[in-house]
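# Coordinate analysis (summary)
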Amino acid sequence: MKNLFGFIAVSVLSAVSLTTSNTVLADGHLSLEGKKIGVAVVGTQHFWDREAFNGATSTVEKLGGEVVAVDGGRDNQVHADNHDILLNSKVDAVISILGDDSVEPKFEALKAAGIPVFTVDHPSQHAINNTTSDNYYMGTTIGRYMADAIGGEGKVAVFNAFENALRICGIRTGLWKYVLQDYPNIEIIQPELAEEFANAPEDARKQTLDLLAANPKGTIDAIHVGCWDQPAIGVVQALEEAGRDEIIVTALDGGPDTLEIMAEENSPFVANVAQQPNLIGSTAAMNVARHFHGDSLLPQTYVDVVPVNGAEGAKEAYKQLGYGEL
Amino acid sequence: MSLETLSRRSSTSLSAAIGAIPLILFVGLLIYFGLNAPNFLTVTNLKLVLVQSLPVMLICIGLSAVVMAGGDDVVSGGIDLSIPATTVLCAGIMASLLSAESTGLFVASIVALLAALLVGGMNALLVTRLSMTPLLTTLAMFVAVVGVNNVVTQRKRINVDHDAINAIREPFFFGIPLGLILVALITLIAFHFLHRTKWGLNLQAAGGSRDAASISGLNVNRLFGQSFTVASVMGFVCSYFVLARGAGSSPGVEDNLMVEMVLATFLGAAFSPRRVVTMWGAALGAVLVVAISVGFKSMGVNVFWTGLIKGSLIVVVVATAALSQRLN
């Protein structure tokens, strides 16, 4: 009997190690040699978009593939139309980064032409796989951090243009609101604000100045940006211009530009959750290679995020994510 | 042959040569793309270019009507820059109403059409009654109407999944999308009205020479005003195509439409023997502008350079038109 258990244990162990070594072997042998991979990105002005794009393109090239790149200049319709060019370039697969639902008809056309689509931050029924951050964790964590930062009570204004338009934003802002349900003394100021997709910092600066003019001191405690943090740059500027140092700012994405603002002394920008856009782009490219290798992929691949609380947290995250020292 | 006749002849041929510059430039670019951009000269690409150019083509037809009625001097003549804004407003209104499930496409269309007619009517009123410059009036209207659309949509993306609208982008006949067939029909109908009816000929007479048209008893202002209504209706029609291609209304669509509309319409003048804006020229111009855009992107040219290139092409096209007119 003992022997039997021993046998089973050894068999299971060797099976596990075999599986592991197979995966390692497969990863080492992943290749996009001879493949033409289209990479469509909605824009390259912002750190996040640019890094996800760089991660995807450099990994495709590292794996021996050829990149056909198109950039939407932060215009969702241009981004969508760019997929036509990839279709016409007869690429072997497409990595599509961000974009609203105007890309869906294009994904459908690519799929119909037998070109597999891999998305970044855009779950789609026409895609093989979507690589994204753990948006669930991002939404709940920023909800808790923000509630703590204002002592569990107060009035919050939120920039929330994309909750209904982009699924990732629906998750992030939706779960932020879900956490706030347990804080009956926190009130979200209505109507919610809607930030611009292009030119976000300047637009958010103007909207915040208007918001501050309409809400005198003591009537507003926090400003949250529901899905990203480029608008937060403008929000912080407006708070400084108006001298409203009683208001805190929270947002999501945590690129080097916003971590630097958070690390400043007495910064109003107190909490964030940092993503790893380069790794996300690179993982999407690896998934393309896995697909061609014959591996079956799960519909979603999640990439870890780094919660950032306070100025010290910002400095740590900055270092941890390889941006340097602050 | 007198010296004077000689010099007039040489200036006319010089003017014709200058007027042809944009055309030569664009044909040159197309040949360049054909040789250098992968898969540029293929049936698939031709179809993609045509489909992408449909919204621009529709608003170009609208703009060409205004230019025909008001004359093609860019500053003092006829121009309507508000058409792309009308399009996004109509798209925004329809998307908002359709997403509230109680409203059907018919009611949504009526509301959008009324909004478009209001914009066209305001333009007509300001330009013909208050004698405001069309360029400034319609630019101001563009800003105002985009503002109204921001209020309507709260500047948010609104998804539209309606069978009738989806049908526009779907294959209808031998793989040809319904939208392409519809635009071909609309173009033929517009051609008939603008170039084959008495009203269309009067419209052109009004734009050709305001004074001569007035003396011969035409109500120049009324014709000019009507052209703004035509433009706003084309803006309304275009909104279905914008909704179809984007599966909904996205903020910011108006900017690209504006640039491509102006470029295409004035480029189109290079196709006419007299270098004037015509409906055919504008429609063909729309296809060319999109083809150039696709060509640059297929070659991997940075999107920001594409912006600079488009802007420069507008300058070249408008400048050569002005120069060739002055020499004529």
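Residues numbered from 1 in each chain as written. Chains lettered and ligands numbered in written order. Predicted model: local features only at pLDDT ≥ 70, side-chain atom pairs only at ≥ 80, totals over all residues. Heavy atoms only, no water.

### What about the overall build of chain B?
Broken down by element type, chain B carries 14 helices and 4 strands. Relative to a compact globule of 328 residues, whose C-alpha radius of gyration would be 20 Å, chain B shows 20 Å and is just as compact. In terms of overall dimensions, chain B has C-alpha extents of about 75 × 50 × 35 Å along its principal axes. When the 328 residues of chain B are sorted by exposure, 52% land in the buried category. Long-range pairs, those at least 24 residues apart, make up 76% of the contacts in chain B with a sequence separation of at least 6. (Helix = DSSP H or I, 4+ residues; strand = E, 2+ residues; numbered from the N terminus. Rg over C-alpha atoms; globule rule 2.2 N^0.38 Å. Buried < 20%, exposed > 50% of the residue type's maximum accessible area, 1.4 Å probe, protein only. Contact = heavy atoms within 4.5 Å.)

### Quick notes on unusual backbone geometry
Residue and element names in this part refer to chain A. A cis amide bond links Q190 to the next residue, P191, at an omega of -5°. Following the sequence through the fold, P191 ends up in the loop between strand 7 (186–188) and helix 7 (200–214). Even without being a glycine, L98 presents a positive backbone phi close to 60°. Its location among the elements puts L98 in the loop between strand 3 (93–97) and helix 4 (104–112). What makes L98 buried here is its relative accessible area of 11%.

### Here we look at a nonpolar patch on the surface
There is a patch of nonpolar side chains on the surface, built from F106, V107, I110, V111, L114 and L117 of chain B and spanning about 550 Å² of accessible area. Residue classification places F106 of chain B among the exposed residues on the basis of a relative accessible area of 64%. (Patch = residues over 30% accessible without salt bridge, like charges linked within 9 Å, V, L, I, M, F, W, Y side chains within 5 Å. Areas by Shrake-Rupley, 256 points an atom, 1.4 Å probe, with all protein chains shown as cover. Salt bridge = Lys/Arg side-chain N within 4 Å of Asp/Glu carboxyl O.)

### Topic: the packing of helix 8 (residues 178–196) of chain B against helix 11 (residues 220–246) of chain B
Residues and elements named next belong to chain B. Between helix 8 and helix 11, whose axes approach to 11 Å, the crossing angle comes to 170°. Our classification of the angle between helix 8 and helix 11 gives roughly antiparallel. Like other packed secondary-structure pairs, helix 8 and helix 11 cross with a definite hand, here left-handed. Only M234, V237 and F241 of helix 11 make contact with helix 8, whose side of the interface consists of G179, L182, V183 and I186. Its residues placed into classes, the contact of helix 8 with helix 11 shows 6 nonpolar, 1 polar and no charged. (Axes fitted to C-alpha atoms, helices over the stretch in contact; angles between N-to-C directions. Parallel < 35°, antiparallel > 145°, perpendicular 65-115°, else oblique. Left-handed = near helix turned anticlockwise from the far one by under 90°. Nonpolar A, V, L, I, M, F, W, Y, C, P; charged D, E, K, R; others polar.)

### Focus: the domain arrangement of chain A
Residues and elements named next belong to chain A. Under the domain assignment used here, chain A contains domain 1 (32–132 + 277–303) and domain 2 (135–275 + 307–320). Using only C-alpha atoms to locate each centre, domain 1 and domain 2 end up separated by 29 Å. Between domain 1 and domain 2, the contact holds 16 residues from the first and 15 residues from the second. In terms of surface lost to domain 2, no three residues of domain 1 exceed H46, F47 and R74, which account for 38% of the buried area on that side. Taken together, the connections running from domain 1 to domain 2 amount to 1 salt bridge. Between R172 and D121 there is a salt bridge, with the nearest N and O atoms lying 3.7 Å from each other. Along the contact surface separating domain 1 from domain 2 lie 5 residue pairs in polar contact (both at pLDDT 80 or more). Secondary structure elements with two or more residues in the side of domain 1 that touches domain 2: helix 2 (47–62) and helix 10 (277–293). Looking at the side of domain 1 that touches domain 2 residue by residue, the class counts come to 8 nonpolar, 4 polar and 4 charged. (Domains from an automatic or database assignment. Buried area = accessible area lost by both parts, 1.4 Å probe. Polar contact = N/O pair within 3.5 Å; in protein donor to acceptor, adjacent residues only side chain to side chain.)

### Examining the interface of chain B and chain A
When the parts come together, some accessible area is lost, and that loss is often what is quoted as the size of the interface. On the chain A side, the residues contacting the 25 residues of chain B number 28 residues. For the chain B and chain A pair, buried surface summed over both sides reaches about 2,400 Å², with 50% attributable to carbon and sulfur atoms. The interface formed by chain B and chain A contains 4 salt bridges. Connecting chain B to chain A are 11 residue pairs in polar contact (both at pLDDT 80 or more). For the side of chain B that touches chain A, the secondary-structure elements that each account for two or more residues are helix 3 (43–70), helix 11, helix 12 (253–268), helix 13 (279–298) and helix 14 (303–327) of chain B. Of all the elements, helix 3 of chain B adds the most residues to the side of chain B that touches chain A, at 4 residues. Its residues placed into classes, the side of chain B that touches chain A shows 7 nonpolar, 12 polar and 6 charged.

### Remarks on the sheet that holds strand 5 (residues 129–133) of chain A
Residue and element names in this part refer to chain A. Pairing is parallel across the open sheet formed by 6 strands, whose spatial order is 2-1-3-4-5-11. The open sheet is flanked by strand 2 (66–71) and strand 11 (300–303), the only strands paired with a single partner. Between one strand and the next, the sheet's axes are offset by a mean angle of 20°, whatever the strand orientation. Of the pairings in the sheet, the one linking strand 4 (residues 117–120) to strand 5 comprises 3 bridges and is parallel in character. Within strand 5, the residue paired with V120 across the bridge is T131. (Pairing = 2+ DSSP bridges.)

### Observations concerning helix 3 (residues 76–88) of chain A
All names here are of chain A. Across the 13 residues that make up helix 3, a large majority, 13, are buried. Here helix 3 starts with a cap whose side-chain oxygen sits 2.9 Å from the backbone nitrogen of Q77, and that cap is D75. Residue K90 follows helix 3 closely and has a positive phi angle near 55°.

### Looking at the confidence of the model for chain A
Across chain A, the average pLDDT comes to 90, with 91% of residues at 70 or higher. Contacts for the low-pLDDT stretch residues 4–26 of chain A, under 50 throughout, to residues beyond four places or in other chains number 1 contact. (pLDDT = per-residue confidence, 0-100.)

### Points about the pattern of salt bridges
The full count for this structure, using the stated rule, is 17 salt bridges over all chains. Here D49 of chain A makes a salt bridge to R74 of chain A, at a shortest N to O gap of 2.2 Å. Highlighted residues: D49 of chain A in helix 2 and R74 of chain A in the loop between strand 2 and helix 3, separated in sequence by 25 residues. Here R74 of chain A falls in the buried class, since its relative accessible area comes to 7%. Three or more residues are tied together by salt bridges with common partners; here these are D81, D84 and K106 of chain A together with R245 of chain B.

### Examining the state of the cysteines
The full count for this structure, using the stated rule, is 1 disulfide over all chains. A sulfur-sulfur distance of 2.0 Å marks the disulfide that ties C169 of chain A to C227 of chain A. Because the torsion about its S-S bond is -80°, the bridge between C169 of chain A and C227 of chain A counts as left-handed. Taken together, the residues C169 of chain A in helix 6 (residues 167–180) and C227 of chain A in the loop between strand 8 (222–225) and helix 8 (230–242) connect sequence positions 58 residues apart. Here C60 of chain B is not cross-linked by a disulfide; its sulfur's nearest cysteine counterpart is in C238 of chain B, at 9.5 Å. Counting only cysteine sulfurs, C238 of chain B is the nearest neighbor of C90 of chain B, a cysteine outside any disulfide, at a range of 9.4 Å. Look at C90 of chain B and you get buried, because its relative accessible area is 0%. (Disulfide = S-S within 2.5 Å.)

### Notes on helix 6 (residues 134–153) of chain B
Think of an α-helix as turning once every 3.6 residues; residues three or four places apart then point the same way. Residues and elements named next belong to chain B. The terminal C-alpha atoms of helix 6 lie 28 Å apart, and with 20 residues this matches the ideal 28 Å at 1.5 Å per residue to within 8%. Inspection of helix 6 places P134, T137, T138, M141, F142, V145, V146, N149 and T153 among the buried residues, and these make up the whole buried set. Angular distribution of buried residues about the axis of helix 6 spans 165°; they occupy a single face of the element. Pointing more than 90 degrees away from the buried face of helix 6 are the exposed residues L136, V143 and V151. Taken together, the buried residues of helix 6 touch helix 4 (83–99), helix 5 (105–129), strand 1 (158–159), helix 11, strand 4 (248–249) and helix 12. Looking one or two residues beyond helix 6, the residue adopting positive phi is Q154, at roughly 55°. (Expected span 1.5 Å × (residues − 1). Arc of directions from axis to C-beta.)

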